[in-house]
Amino acid sequence: MGAKGMTILVATGDRGAFERTNEPYYNNCTHTRPLWPASSPWVTAVGGTSYSPFASPICWQNATQMDCRHGPMGHIAADLGLGASITSGGGSSNLNPTPPYQAAAVKTYLERGTEWPPVFNKNGRMYPDVSVIATNLWNVYNGKGGPGSGTSFAAPVLSGLLSRLASALFTNGP
């Protein structure tokens, strides 16, 4: 499919690398639980982000259409520990090695000096590849509208954006 120019977007899940909530996981888990197909090197894994007052501000009151009445808000990985309704899935595959297209970025990332749990596979395919807003998105379920959250919302948001970009490129050229 990739050879035909198709992109497959996959949600990374909403419970972190250990497929748990925000429990203390370093001492309780014997391995990470990377989700498939998100951990496959043949897809684009879409993680989730959230707006938070704990991140560097991206807006100030009246600066954008975003509601900033409660102070400046930043954009962060969705994390239950920081007030989001989900923790974005991510981590490293226990089955697939780091693909060549990720090698340089993964090497730089791992050299930051971050402390990793002993069960973290530093040689696996890392994911997510991209992250998109995944919290408080409007949806309709059983005829009723309301906010929803999850990477299963983020993946279609990115799909729509990519479709619009592809359409514009096809219509107007690069």
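Residues numbered from 1 in each chain as written. Predicted model: local features only at pLDDT ≥ 70, side-chain atom pairs only at ≥ 80, totals over all residues. Heavy atoms only, no water.

Asker: Is there a simple way to explain the overall build of the chain in this structure?
Answerer: From N to C terminus, the chain includes two helices and eight strands. Reading the secondary structure of the chain in the N-to-C direction produces β-β-β-β-α-β-β-β-β-α. Counting over 174 residues, the chain shows a buried share of 33%. Nonlocal contacts in the chain, meaning residues at least 24 apart in sequence, comprise 66% of its contacts between residues at least 6 apart. Taken as a whole, the chain presents about 11,200 Å² of accessible surface, with 57% of it coming from carbon and sulfur. (Helix = DSSP H or I, 4+ residues; strand = E, 2+ residues; numbered from the N terminus. Buried < 20%, exposed > 50% of the residue type's maximum accessible area, 1.4 Å probe, protein only. Contact = heavy atoms within 4.5 Å. Areas by Shrake-Rupley, 256 points an atom, 1.4 Å probe, with all protein chains shown as cover.)

Asker: Can you walk me through the pattern of salt bridges in this structure?
Answerer: Enumeration according to the criterion identifies two salt bridges in this entry. Notably, a salt bridge pairs Glu 111 with Lys 107, separated by 2.9 Å at the nearest N-O pair. Of the two residues, Glu 111 and Lys 107, both sit in the exposed class. Between Asp 129 and Arg 125 there is a salt bridge, with the nearest N and O atoms lying 2.8 Å from each other. Judged by relative accessible area, which is 32%, Asp 129 ranks as partly exposed. (Salt bridge = Lys/Arg side-chain N within 4 Å of Asp/Glu carboxyl O.)

Asker: For this particular structure, what's the right way to read the side chain of Ser 40?
Answerer: Looking at where Ser 40 falls in the secondary structure, it is placed in the loop between β1 (9-11) and β2 (44-59). Classification of Ser 40 by relative accessible area gives buried; the value is 7%. In contact with Ser 40, other than residues within four places in its own chain, are Asn 96 and Arg 125.

Asker: Sorry, what's going on with the nonpolar core here?
Answerer: Val 46, Ile 86, Val 132, Ile 133, Ala 134, Leu 137, Ala 154, Ala 155 and Leu 158 together form the largest nonpolar core, which totals nine residues. Counting only elements with at least two residues in this core, the list comes to β6 (130-133) and α2 (151-172). Per-element tally for this core: the top contributor is α2, with three residues. Setting aside anything within four residues of it in sequence, one finds Leu 158 in contact with Leu 9, Val 46, Val 130 and Val 132. (Core = buried A, V, L, I, M, F, W, Y, C linked by side-chain atoms within 4.5 Å.)

Asker: Sorry, what's going on with unusual backbone geometry here?
Answerer: A negative phi angle is the norm for most residues apart from glycine, just as the trans form is the norm for most peptide bonds. Geometrically, the link from Trp 36 to Pro 37 is a cis peptide bond, its omega value of 15° lying close to zero. As for its position among the elements, Pro 37 is in the loop between β1 and β2. Following Tyr 127, the chain continues to Pro 128 via a peptide bond in cis, the omega torsion being 15°. The residue Pro 128 is located in the loop between β5 (124-127) and β6 in this model. In this structure, Asn 142 is a non-glycine residue whose phi angle is positive, near 50°. Mapped onto the elements, Asn 142 comes out in the loop between β7 (137-141) and β8 (144-148). Classification of Asn 142 as exposed rests on a relative accessible area of 67%.

Asker: What am I meant to see in the side chain of Gln 102 here?
Answerer: Mapping Gln 102 onto the fold places it in the loop between β4 (91-97) and α1 (103-110). At a separation of 2.6 Å, a polar atom in the side chain of Gln 102 contacts the main-chain carbonyl oxygen of Met 126. Excluding anything up to four places from it in sequence, Gln 102 contacts Arg 125, Met 126 and Asp 129. (Polar contact = N/O pair within 3.5 Å; in protein donor to acceptor, adjacent residues only side chain to side chain.)

Asker: It is not clear to me how the confidence of the model for the chain should be interpreted in this structure. Could you clarify?
Answerer: Interpreting fine coordinate detail is not advised for predicted regions of low pLDDT. Across the chain, the average pLDDT comes to 76, with 68% of residues at or above 70. Looking across the chain, the model is least confident in strand β3 (residues 73-77), with a mean pLDDT of 61, and most confident in β1, with 94. The low-confidence segment residues 20-26, where pLDDT is below 50, has eleven contacts with residues more than four positions distant or belonging to other chains. Predicted confidence is poor over residues 57-66, with pLDDT under 50, and the contacts of this stretch with residues over four places away or in other chains come to 18 contacts. (pLDDT = per-residue confidence, 0-100.)

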